[in-house]
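An overview of the molecular structure
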Amino acid sequence: MKAAVWHGAKDVRVGDVPVTPPGPGEVTIEVAYCGICGSDLHEYADGPHAIPVGDPHPESGVAAPLILGHEFCGIVNEVGGGVTNVAPGDRVAVEPHYRCGRCPRCLAGEYNICRHFGFAGLMGHGGLAERATVPAYMLHRLPEEVSLEQAAVFEPAAVALHAVRRAGIRADETVAVLGLGPIGLLVSQLAALYGAGRIVAADRSPARRELALRLGAAEAGEDLSSVVGGEGADVVFEAVGSEGTLRACLAATRRGGRVMFLGLTGMVSLDAFALVNNEQTIMTSVGYRDAYPELIRLVAEEGVDLAGIVTSTIPLEHVVRDGFEALLRGEEQVKVLVRPGGRRP
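Since this is a predicted model, take the numbers as computed values, not measurements.

Description of helix H1 (residues 38-46)
Among all positions in H1, only Asp40, Leu41, Glu43 and Tyr44 are buried. For H1, the buried positions fall inside an angular range of 160 degrees around the axis, keeping them on one side. Each element contacted by the buried residues of H1 is listed here: strand S1 (2-8), strand S2 (11-16), strand S3 (26-35) and helix H10 (319-328).

Points about the pairing of strand S15 (residues 253-261)
Taken across its nine residues, S15 has seven buried, putting it largely inside the fold. Two strands pair when backbone bridges link them, and strand S14 (residues 233-238) and S15 are joined in this way by five bridges, in the parallel orientation. Each bridged residue has a counterpart across the sheet, and for Glu238 the counterpart in S15 is Phe261. The parallel pair S14 and S15 is bridged by helix H7 (residues 243-251), and the resulting crossover is right-handed. Here S15 runs beside strand S16 (residues 281-284); their pairing, made up of four bridges, is parallel. By the bridge assignment for S16, Phe261 is matched with Thr284.

Brief notes about the packing of aromatic side chains
One pass over the full model with this rule turns up five aromatic pairs. Arranged with centres 4.9 Å apart and planes meeting at 15 degrees, the rings of Tyr44 and Phe324 form a pair that is stacked. Separated by 280 residues along the polypeptide, Tyr44 in helix H1 and Phe324 in helix H10 bring together distant segments of the chain. Neither residue differs from the other here; Tyr44 and Phe324 are each classed as buried. A centroid spacing of 6.5 Å and a plane angle of 65 degrees characterise the contact between Phe119 and Tyr288, whose relative ring orientation is edge-to-face. Placement of the pair is Phe119 in strand S8 (residues 118-119) and Tyr288 in the loop between S16 and helix H9 (292-302), with a sequence separation of 169 residues. The burial state of Phe119 is the same as that of Tyr288; both residues are buried. Members of the aromatic cluster, joined through ring pairs, are Phe117, Phe119, Phe154, Tyr288 and Tyr292. When the ring centre of Tyr111 is taken as reference, the NZ or CZ atom of Arg99 above it lies at 3.9 Å.

Cut-offs used in this document
- Residues numbered from 1 in each chain as written.
- Predicted model: local features only at pLDDT ≥ 70, side-chain atom pairs only at ≥ 80, totals over all residues.
- Heavy atoms only, no water.
- Buried < 20%, exposed > 50% of the residue type's maximum accessible area, 1.4 Å probe, protein only.
- Helix = DSSP H or I, 4+ residues; strand = E, 2+ residues; numbered from the N terminus.
- Arc of directions from axis to C-beta.
- Contact = heavy atoms within 4.5 Å.
- Pairing = 2+ DSSP bridges.
- Right-handed = clockwise from strand over helix to strand, strands pointing away.
- Phe/Tyr/Trp six-rings, centres within 6.5 Å; stacked < 30°, edge-to-face > 60°.
- Lys NZ or Arg CZ within 6 Å of the ring centre and 35° of its normal.

That is the geometry; function is a separate question.
Have a look at this one:
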């Protein structure tokens, strides 16, 4: 089968690799779509960051070179021994979290912060391939009302949904979002469903600001100061990942308000005196848990369109040129989906 394999920074090769047959508790799917995530782009540009090199990941048993792609969905092709939750022909969304099921956090149901936390497509073989073999626990069957195009964005939508839930948005609160990549846009869309009274958004890109308005933001500007008035927003989502943007979010948050820090960055320095005096709360969110069933319900029963963030779909053989390199060049894209081929969904 064809797959996009990470060998090192700026070294992703599309070529033939053997199909891994499903072992006990595993399933092989024909991949319909796989999104390119910012994490994938970082691994391509200057990785490894999360990709295991040398020692394999404890749950996947895989180390580089590995198949990228953790935002994927498809059709079940073959099941291994003991699998009862899906059958060949089922349309499925992949929730790509590895989990051990034994550590204290897994036993508490908090599998997104498992001791051996990881993702298929970053710490194990993923979905930028014609077929992918994953643990059966990662799969969610799709009702007829949910298309594979919608399921293709469930992974970033789950990140956004988990953050919105953790933020604890209360009725009629003002929510601000800084950074309108896929996660920020989906936060803007989902926050309204969880009680936000008014949503404002900020990003340097006019096209992304326009998309945020179409997805439910009341106002969108180039920076937070242009859209957050009065004493500040009740909740501000940081979806960029830098010290400067985190400081901007705190400045745009009212006294007693909350900042949900979603962006990934290294060390940051903050004015702790102001943070304490303003009684502000900085929260964080990683991955998701128990989000896919809710996303399936929102799409199937409430008609929520999560695929509005998709800006292009490309074939697997062009994933480097029209995917990674195009995104690094700053071409105006939000979510790029890769279609590996195989059965037409």
